[in-house]
Structure formats: C-alpha cells, structure tokens
Amino acid sequence: MFYVDCHEAGGGGKLYIRMTGPSKTDLVEVEKGHGFQYTTKAPGNYELVLLFNSEHIPGSPYGVLVDEDPNHQGSYSFPEKVKIHGAGIKGGRRGTRCAFFVDLADAGAGTLSVEIQGPDEAPIQLGKHDNGQTVVSYTPPTRGEYVISVKFSNQDVLGSPFKASVQ
C-alpha cells in the first residue's frame, strides 16, 4: 500500500498512476484520492509511474521490487500453466474407471480442485503418479454428458470446464 499526498499541488489536478512489470498488476484506490494498494501475480522488478497534471511527481518513476513470499499461498499461481492430458478428460464407458493427469509443475503455489457434474454422481479420486503429476479418476455409473471443472487457486484452468461423453 502507498499514499500520494497532492494537497499542496493545487486544486483540480488529475492524478495518474501506472505500474508495470513481469505480471499484471491490480491497483485499487483504498482511500479517496490518495491511498492505493497493489497486487501482483509474480515477483520481480516493477516500475511505478505517478503523474499529476501530466507531469511526473518528484522521484517518479519509482522502482519497486516485489519479493516472492513462500508463506503466502496462491499469490504466485498461474492457472494458465496447468497442463491436462489423458483419455478420461474426454469421457469413457459407464461403470469403467476413467482417468486423466494434471501437471502442476509450472503452475506455482495454489490448490487444485476438481468437480464433475452429470446425469449421475461420479465420485472423484485424486492420487499422485510416479512422475509427480496428479491423477484424477472417476467411474461414471450412467451414460451421458458429464462436465468436468478443473480449477487451480479458484480459477478455471485452460479449457475448463471440459465436456466428457460417457457411453
């Protein structure tokens, strides 16, 4: 969080703030006109630009180093880097175990969640494969279309939700 005091800069001015760096940065105004908070998706070197009436505030642009915090789960998660493969993500046969793999190696810190909805309940089992990937298996009891939702840190992974056809 940071504060910008423009009270002595003259009335009616316009404040402009931009932060750029290795990942998208969310800037939120927390106190009307002068209190701001930022959230980054990844550690690294960022640049904070502060302009008042189209002119740099003294010291702007500022260098901001965002360190990785290993105790803050989910801060540096990348759902778009989760990889999914295996026949079970597309479906299978009723009464037969269907399985697919989830590779989280490049996804950062976060939590995996899987939900399956369809014409009947298909209990889900999660396990670890020898290669470190997560194995997701389910046994659909009924024919039909099932929807498999895979999320990492409460965000859909690429391609989710998946449609699985069970014969």
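Everything below is about the structure shown above.
An account of the accompanying structure is given in this report. What you see is a predicted model, and the numbers here were worked out from it, not measured in a lab.

Reading the values: rules and limits
Residues numbered from 1 in each chain as written. Predicted model: local features only at pLDDT ≥ 70, side-chain atom pairs only at ≥ 80, totals over all residues. Heavy atoms only, no water. Helix = DSSP H or I, 4+ residues; strand = E, 2+ residues; numbered from the N terminus. Contact = heavy atoms within 4.5 Å. Areas by Shrake-Rupley, 256 points an atom, 1.4 Å probe, with all protein chains shown as cover. Phe/Tyr/Trp six-rings, centres within 6.5 Å; stacked < 30°, edge-to-face > 60°. Lys NZ or Arg CZ within 6 Å of the ring centre and 35° of its normal. Polar contact = N/O pair within 3.5 Å; in protein donor to acceptor, adjacent residues only side chain to side chain.

Quick look at the overall build of the chain now. Broken down by element type, the chain carries 0 helices and 16 strands. Taking as baseline every contact in the chain between residues at least 6 positions apart, the subset at least 24 positions apart corresponds to 55%. Summing over all exposed atoms, the chain offers an accessible surface of approximately 10,400 Å²; the carbon and sulfur share of this is 49%.

Looking now at the packing of aromatic side chains. This structure, assessed with the given rule, holds 0 aromatic pairs. A cation over a ring is seen here: Lys-81 above Phe-78, with NZ or CZ 5.1 Å from the ring centre.

Glancing now at the side chain of Ser-160. When you line up the elements, Ser-160 lands in the loop between strand E15 (155–156) and strand E16 (162–166). Within polar-contact distance, the side chain of Ser-160 engages the backbone nitrogen of Val-150 at 2.9 Å. Within the structure, Ser-160 has its side chain in polar contact with the side chain of Asp-156 (distance 3.4 Å). Excluding residues within four positions of it along the chain, Ser-160 makes contact with Ile-148, Ser-149 and Val-150.

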